[in-house]
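Architecture and fold: a report
So the chains spell out like this:
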Amino acid sequence: MTAIPASKNALALLAICLGALMFGLEITSVPVILPTLERILHGDFQDMQWVMNAYTLACTTVLMATGTLADRFGRKRIFLISVIAFGATSTLCGLAPSMTVLIAGRFLQGLAGGAMLICSIALLSHAFQDVRERSRAFAIWGIVSGIGLGFGPLVGSAIIALAGWKWIFLIHFPIAAVTLAVAAGAVTESRDPEAKHLDVAGIITLSLAVFGLVYFITQGPALRLASAAAIAAATAACFAVFLFVERRQRYPMFDFSVFRNRDFSGAIVGCIAMNVSYWPFMIYLPIYLQIGLGYDPLTTGLCLLAYTLPALIFPPLGERLSLRFGAGTVIPLGLFTIGLGFVAMKLGSAAVQPGWLTMLPGLLLAGIGLGITNTPVTNTTTASVPASRAGMASGIDMSARLITLAVNIALMGLILVEGIAMALQQAASGSVDPARLRAAAEAVAAGGAGALGQASLGDMSKMLAQHGLAEGFGLVMLYGGVGAWILAGLSFTLFRPGFDRVIEQCRTG
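Keep in mind that what you see is a predicted model, and the values were worked out from it rather than measured.

Cut-offs and rules
Residues numbered from 1 in each chain as written. Predicted model: local features only at pLDDT ≥ 70, side-chain atom pairs only at ≥ 80, totals over all residues. Heavy atoms only, no water. Helix = DSSP H or I, 4+ residues; strand = E, 2+ residues; numbered from the N terminus. Buried < 20%, exposed > 50% of the residue type's maximum accessible area, 1.4 Å probe, protein only. Contact = heavy atoms within 4.5 Å. Areas by Shrake-Rupley, 256 points an atom, 1.4 Å probe, with all protein chains shown as cover. Expected span 1.5 Å × (residues − 1). Phe/Tyr/Trp six-rings, centres within 6.5 Å; stacked < 30°, edge-to-face > 60°. Core = buried A, V, L, I, M, F, W, Y, C linked by side-chain atoms within 4.5 Å. Polar contact = N/O pair within 3.5 Å; in protein donor to acceptor, adjacent residues only side chain to side chain. Axes fitted to C-alpha atoms, helices over the stretch in contact; angles between N-to-C directions. Parallel < 35°, antiparallel > 145°, perpendicular 65-115°, else oblique. Salt bridge = Lys/Arg side-chain N within 4 Å of Asp/Glu carboxyl O. pLDDT = per-residue confidence, 0-100. Patch = residues over 30% accessible without salt bridge, like charges linked within 9 Å, V, L, I, M, F, W, Y side chains within 5 Å.

Considerations on the overall build of the chain
Looking only at helices and strands, the chain features 21 helices and 0 strands. Looking at the chain residue by residue over its 509 residues, the buried ones come to 54%. Within the chain, counting contacts between residues at least 6 apart in sequence, those at least 24 apart form 82% of the total. Total accessible area on the chain is roughly 21,400 Å²; 67% of this is exposed by carbon and sulfur atoms.

Rendered as structure tokens:
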């Protein structure tokens, strides 16, 4: 193969990094504007959940399909198409006149973003053939991705202050234009002549199962019993069909045999734990800071740096610890630290005068835990399987992250609303209709005390709304902490050498 000039590779890396920057910013900058969207576009609490989940669910849907399509039709071609689509759909989101249009735009944006992300990995691998150069390129790409994720809240807050919420999305149009111009001239086309067939049945059934589960968690309490039962049954049926199809596919999207590898299984549990705790809470933390503590968007963005910056600073330490003590020790340790951070946040939120100082220890601990955990998890999932299966292992890793993120955004929202509802019920004089109580809880979660009047629960004070929010967020923090600790224990168990014998004994009966 003809060597690619270093200058051309540098420009290709720039284009791919710009794509990673856009993808990361759209995950962590948008939560800062959710309370603003509730006021301006008149969305409710469920709308705000779907603004985030539409993006993550779409990424999951397109994730596995894009790799196969890019291998068959050209990775550069699919990357350029996805960049154009991301710029166009970001513009649609920025110009959205209603929450319905915004949610639809976010789904389309997620499809484009997921495709752009997967193509980036393949393009980097093709452009940088030398092992040292490839390692350096992926390190730069990872840093830029981390900057997008870590500084997203602050960038979003600054954009709101300077230009308004629409530019959270519109800013991607000029970035996409620059990315497209650079990539068109610098990125070299590549294909895989032995590309496998697209697992259409697996993609459809898994997507329907995940969507059904998220919809059931988000909308279930407001549905009639028969409707909720029908959705639950359909979701379970889709997942059962997915398992059936994948076990009989010649080229399955998920090869479940890799879970017999204890290192892979332990790392995947670590991946899931991060998305049971740290990442979904990123969606709700701005709501707590703005509505619960009364901070403006810019102050909220600055507070969130305590949550996100350690996740950028500590990965090198996590990697060094992993090399010295092994991923089987470092991953559970990092997860335990995340859980400790959530428990500390819960204690800080219950202080007599809660504020950023009482929350700071927990925010820092959670970020440090993620920083220690993330790199060993990613490295272990790919290194624990043969090189020929690294792409499939990476696909399972990314799918597990996005699926558990989507599900736990919904779960944390459910816990938040139920916690607020319990606090309001205790404070109300006499019995309150459950539907009105839930509407009031969702109104408090979305808009604070000012929304209580619209919920028709009488003249409830701002203090009552603050109390409800504190109770609801306390339960969410407890869920994140306990969940991280339970999964840390499970990960630690899976990594132990003796676990292989337990699995074998179970298989042989």
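Here we look at helix α11 (residues 225-248)
An ideal rise of 1.5 Å per residue puts 34 Å on 24 residues; α11 measures up with 35 Å between its terminal C-alpha atoms. Among all positions of α11, only A228, T235, C238, F242, V245 and E246 are buried. Each element contacted by the buried residues of α11 is listed here: α10 (200-219).

What to know about the packing of aromatic side chains
Counted by the stated rule, this structure contains 13 aromatic pairs. Measuring from centroid to centroid gives 5.9 Å for F23 and Y55, while their planes differ by 40°, and the two rings are tilted. Of this pair, F23 sits in helix α1 (residues 6-28) while Y55 is found in helix α3 (residues 45-73), placing the two residues 32 residues apart along the sequence. Both residues of the pair, F23 and Y55, belong to the buried class. Both rings, one in Y278 and one in Y307, keep their centres 4.2 Å apart while their planes meet at 5°; by these two values the pair is stacked. Highlighted residues: Y278 in helix α13 (residues 278-292) and Y307 in helix α14 (residues 297-313), separated in sequence by 29 residues. For Y307, a relative accessible area of 0% puts it in the buried group. Three or more aromatic residues joined by ring pairs form one cluster here, namely Y278, W279, F281, Y307 and F342.

A look at the nonpolar core
Looking at soluble globular proteins, one finds that nonpolar side chains tend to be buried together. Formed by 100 residues in total, the largest nonpolar core has its most connected members in L34, L102, F281, Y284, Y307, M345 and F473. Considering every element that reaches this core, the biggest residue donor is helix α18 (residues 390-427), with 15 residues. The contacts of M345, once residues within four sequence positions are left out, are F281, Y307, M359, G362, L363, A366 and M477. Grouped together as the second largest cluster of nonpolar side chains are 38 residues, M22, I27, A137 and A183 included.

Here we look at the side chain of E26
Mapped onto the secondary structure, E26 falls in helix α1. Among the polar contacts listed, one links the side chain of E26 to the side chain of Q109, at a separation of 2.9 Å. Ignoring sequence-local partners within four residues, the contact set of E26 consists of Y55, F86, R106, Q109, I168, F169 and H172.

Some remarks on the packing of helix α7 (residues 152-163) against α14
One can describe the packing of α7 onto α14 by two numbers: an axis separation of 8 Å at closest approach and a directional angle of 170°. For the element pair α7 / α14, the angle class is roughly antiparallel. Where α7 abuts α14, its residues P153, L154, S157, A158 and I160 lie against P297, L298, G301, L302, L304, L305 and T308.

Here's the deal with the pattern of salt bridges
Applying the stated criterion across every chain yields a total of 2 salt bridges. One salt bridge connects E26 with R106, and the closest N-O pair in it is separated by 3.1 Å. In this pair, E26 sits in helix α1 while R106 sits in helix α5 (residues 99-127), placing the two residues 80 residues apart along the sequence. Of the residues examined, E26 reaches a relative accessible area of 0% and is grouped as buried. On the basis of relative accessibility, which here comes to 0%, the residue R106 falls in the buried class.

Remarks on the environment of G481
Mapped onto the elements of the fold, G481 is located in helix α20 (residues 462-495). G481 sits 142 residues away from G339 along the chain, and the two C-alpha atoms are 3.8 Å apart. Excluding its chain neighbours within four sequence positions, the residues that come into contact with G481 are G339 and F342.

So, the environment of G362
Checked against the element boundaries, G362 lands in helix α17 (residues 356-383). Assessed through its relative accessible area of 0%, G362 is described here as buried. Expressed as a C-alpha distance, the spacing of G362 and V343, which sit 19 residues apart in the sequence, is 7.2 Å. Discounting chain neighbours no more than four positions away, the residues touching G362 are G341, A344 and M345.

Section: the confidence of the model for the chain
For the chain, the mean per-residue pLDDT works out to 82, and 88% of the residues sit at or above 70. Within the chain, the element-level pLDDT minimum falls on helix α21 (residues 499-508), averaging 54, and the maximum on helix α16 (residues 327-349), averaging 94. Throughout residues 449-460 the model reports pLDDT below 50, and contacts reaching past four residues in sequence, or to other chains, amount to 21 contacts.

Thoughts on a nonpolar patch on the surface
A surface patch of nonpolar side chains, about 420 Å² in accessible area, is lined by M422, L475, L478, V482 and I486. Sort the elements by how many residues they give to the nonpolar patch and α20 lands first, with 4 residues. Examined against the element boundaries, M422 turns out to sit in helix α18.

With respect to the environment of Y295
Positionally, Y295 belongs in the loop between α13 and α14. Taking the C-alpha atoms as reference points, Y295 and W356, separated by 61 residues in sequence, lie 9.6 Å from one another. Polar side-chain contacts of Y295 include one of 3.0 Å to the backbone nitrogen of W356.

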